[in-house]
Amino acid sequence: MTYDLFLGDQTFSSWSMRGWLMFVKFRLPVNVHMVGLYDGTMADDLADLAPARFVPIMRTPEGIVVGDTLAMAETLAERHPDAGLWPADPAARGLARWMVAEMHSGFGALRGACPMQLLHQYRDFPVTQEVQADLARIETLWSLAQERHGGDGPWLFGAYSLADVFFAPVAARIAGYGLSVGAAAQAYVDAHLADPAFRDWRTEGLKKTYDPVPYAMDLPTAPWTGPA
């Protein structure tokens, strides 16, 4: 029983990254379909998936269409209770849901100023007070989760969970704009950059070139900071 997953360009679509990681990291069977997010074909590509307007979109084996990464996450957790999408411990699970919901609805300054891009690292990026406040809140959440529930592993709640899925694009933003965070937060960012699934996602995105490049900034660049 295989799902269908409709995604945008890997290099730039943070929401699509979340949707893809939900399946790959928890070994859920899926067929991937690419949508022309930057090619002008998205409306036509999603025409049979009403009321979809954005990616990612999933279609269950029964034909049920679900959009929005938070709705997708809860639907998959409901349908696959033994897959470990959420932490098993109730306290950890409650905090993980809180963090995912806050990521889903918040951090507008960081998301607006630093669109996800996996091409290179921008240098000398001007960090506003609003972006710095978002980073401070993110570090607080990451630290709290790891201190209470992280154990010895690199992830927020010990085993990889939906919380890590939702914060993977944040790690990409921190890396892609050279944002300064503390040692513990940087170690968590590095864990994402080294994760084989994250690397596979980035590799697929690099197969496509763009002219012009979406979200390009007039700043010097350096090579991507994660593994080649």
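Here, the structure is the one placed above.
All residue numbers refer to position in the chain's written sequence, counted from 1. Side-chain atom pairs in this predicted model are given and counted only at pLDDT of 80 or more, local residue features only at pLDDT of at least 70, and totals for whole chains, interfaces and linings cover all residues. To obtain the side-chain values, all non-hydrogen atoms of the structure were used and water was disregarded.

*Asks:* Now, about the overall build of the protein: what can you tell me, with residues and values included?
*Replies:* Tallying secondary structure elements over the protein gives nine helices and six strands in all. The principal-axis extent of the C-alpha atoms belonging to the protein is close to 45 × 45 × 30 Å. Looking at the 228 residues of the protein, the share that counts as buried comes to 49%. Residues count as neighbours in contact if any of their non-hydrogen atoms are within 4.5 Å of one another. Within the protein, residue pairs in contact and separated by at least 24 positions form 75% of the contacts whose partners lie at least 6 positions apart. Only the protein chains shown count as covering a residue, and every accessible area follows the Shrake-Rupley method with a 1.4 Å probe. By element, 52% of the accessible surface of the protein is carried by carbon and sulfur atoms, the whole surface being about 10,600 Å². A distance of 2 Å separates the average location of the 17 positive side-chain charges in the protein from that of its 26 negative side-chain charges. Numbering of helices and strands runs from the N terminus; a helix is a DSSP stretch of H or I covering at least four residues, while a strand is a stretch of E covering at least two. We call a residue buried when its accessible area falls under 20% of the maximum for its residue type, exposed when it is over 50%, and partly exposed in between, using a 1.4 Å probe and counting protein chains only. Just so you know, the count uses Lys and Arg for positive and Asp and Glu for negative, and it drops His and the chain ends. Note that the charge is assigned to NZ on lysines, CZ on arginines, CG on aspartates and CD on glutamates.

*Asks:* Kindly report on the side chain of S161, identifying the contributing residues and their values.
*Replies:* Along the chain, the position of S161 falls in the loop between α6 (129-150) and α7 (162-176). For S161, a relative accessible area of 1% translates into the label buried. Once residues lying within four places of it in the same chain are set aside, the contact partners of S161 are F26, L85 and P87.

*Asks:* Can you lay out the pairing of strand β2 (residues 30-34) for me, pointing to particular residues and giving the numbers?
*Replies:* Whether two strands pair depends on DSSP finding at least two bridges between them. Of the strand pairs in this sheet, strand β1 (residues 3-7) and β2 are connected by five bridges, and their pairing is parallel. Within β2, the position partnered with Y3 by the bridge is V30.

*Asks:* Tell me about the pattern of salt bridges, and please be specific about residues and values.
*Replies:* Pairing between side chains of opposite charge can happen when their charged atoms approach one another. Only one rule defines a salt bridge in this text: a Lys or Arg side-chain nitrogen within 4 Å of an Asp or Glu carboxyl oxygen. Considering all chains together, one arrives at eight salt bridges under this definition. Where D9 meets K208, a salt bridge forms, and the shortest distance between an N and an O atom there is 3.0 Å. Of this pair, D9 sits in the loop between β1 and α1 (14-24) while K208 sits in the loop between α9 (196-206) and β6 (221-222); the two residues are 199 residues apart in sequence, bridging distant segments of the chain. For D39, the salt bridge identified is with K208, shortest N-O distance 2.9 Å. With D39 in the loop between β2 and α2 (42-45) and K208 in the loop between α9 and β6, this residue pair connects regions lying 169 residues apart in the sequence.

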